[in-house]
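So you can see what is in the structure, the chains are spelled out below.
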Amino acid sequence: LLDPYVTVSVDQVRVGQTSTKQKTNKPTYNEEFSATVSDGHQIELSVFHDTPIGYDDFVANCTLAFQDLLRSAGPSDSFEGW
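The name given to the chain in an unreviewed UniProt entry is KPCL kinase, and the organism recorded there is Pachyramphus minor.

Draft legend 1. Here's a closer look at unusual backbone geometry. In this structure, Gln12 takes a positive phi of about 65° despite not being glycine. Relative to the helices and strands, Gln12 is located in the loop between strand E1 (4-10) and strand E2 (13-17). Judged by its relative accessible area of 71%, Gln12 falls in the exposed class. Even without glycine at this site, Asp39 takes up a positive phi of about 60°. Within the element layout of this structure, Asp39 appears in the loop between E2 and strand E3 (42-49). Judged by relative accessible area, Asp39 falls into the exposed class, the value being 67%.

Draft legend 2. Local environment of the packing of aromatic side chains. In this structure the tally under the stated criterion is two aromatic pairs. Look at Tyr5 and Phe48: their rings are 5.6 Å apart centre to centre, the planes differ by 20°, and that puts the pair in the stacked class. A residue pair is termed long-range when its members are at least 10 positions apart, and Tyr5 in strand E1 and Phe48 in strand E3 qualify at 43 residues. A single burial state applies to Tyr5 and to Phe48, both of which are buried. By relative accessible area, Phe48 is classed as buried at 17%. A connected cluster of aromatic rings, assembled from ring pairs, spans Tyr5, Phe48 and Phe58.

Draft legend 3. Seen up close, the sheet that holds E1. Reading across the sheet, the four strands line up as E2-E1-E3-E4 and stay open at both edges, with antiparallel pairing between neighbours. The open sheet has two free edges, formed respectively by E2 and strand E4 (57-65), since each of these has just one partner strand. Pairwise comparison of adjacent strand axes, ignoring direction, gives a mean angle of 25° for this sheet.

Draft legend 4. How the structure looks around the nonpolar core. Val8, Val10, Ile43, Phe66 and Leu69 together form the largest nonpolar core, which totals five residues. Setting aside its immediate chain neighbours within four residues, Val8 contacts Val13, Arg14, Val15, Gly16, Phe33, Ile43, Glu44 and Leu45.

Reading the values: rules and limits
Residues numbered from 1 in each chain as written. Predicted model: local features only at pLDDT ≥ 70, side-chain atom pairs only at ≥ 80, totals over all residues. Heavy atoms only, no water. Helix = DSSP H or I, 4+ residues; strand = E, 2+ residues; numbered from the N terminus. Buried < 20%, exposed > 50% of the residue type's maximum accessible area, 1.4 Å probe, protein only. Phe/Tyr/Trp six-rings, centres within 6.5 Å; stacked < 30°, edge-to-face > 60°. Pairing = 2+ DSSP bridges. Axes fitted to C-alpha atoms, helices over the stretch in contact; angles between N-to-C directions. Core = buried A, V, L, I, M, F, W, Y, C linked by side-chain atoms within 4.5 Å. Contact = heavy atoms within 4.5 Å.

Structure, rendered in structure tokens:
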């Protein structure tokens, strides 16, 4: 079992981090982050295992291009509330 948390980065700048969920492989996060982004290119979600000593262990990541998100949204959609 992991003690996972997720970091949120925009163009390689961290804008948020979730709380750590203890001893689970199926964490649920209902947390919100707000960041003002101008001319952003990508958002990255990275999962880490919180370790008691040393560096935390990398588990997985996902990178999404804002351009791809805009293409999948309707013309009047925005990222508010996403």
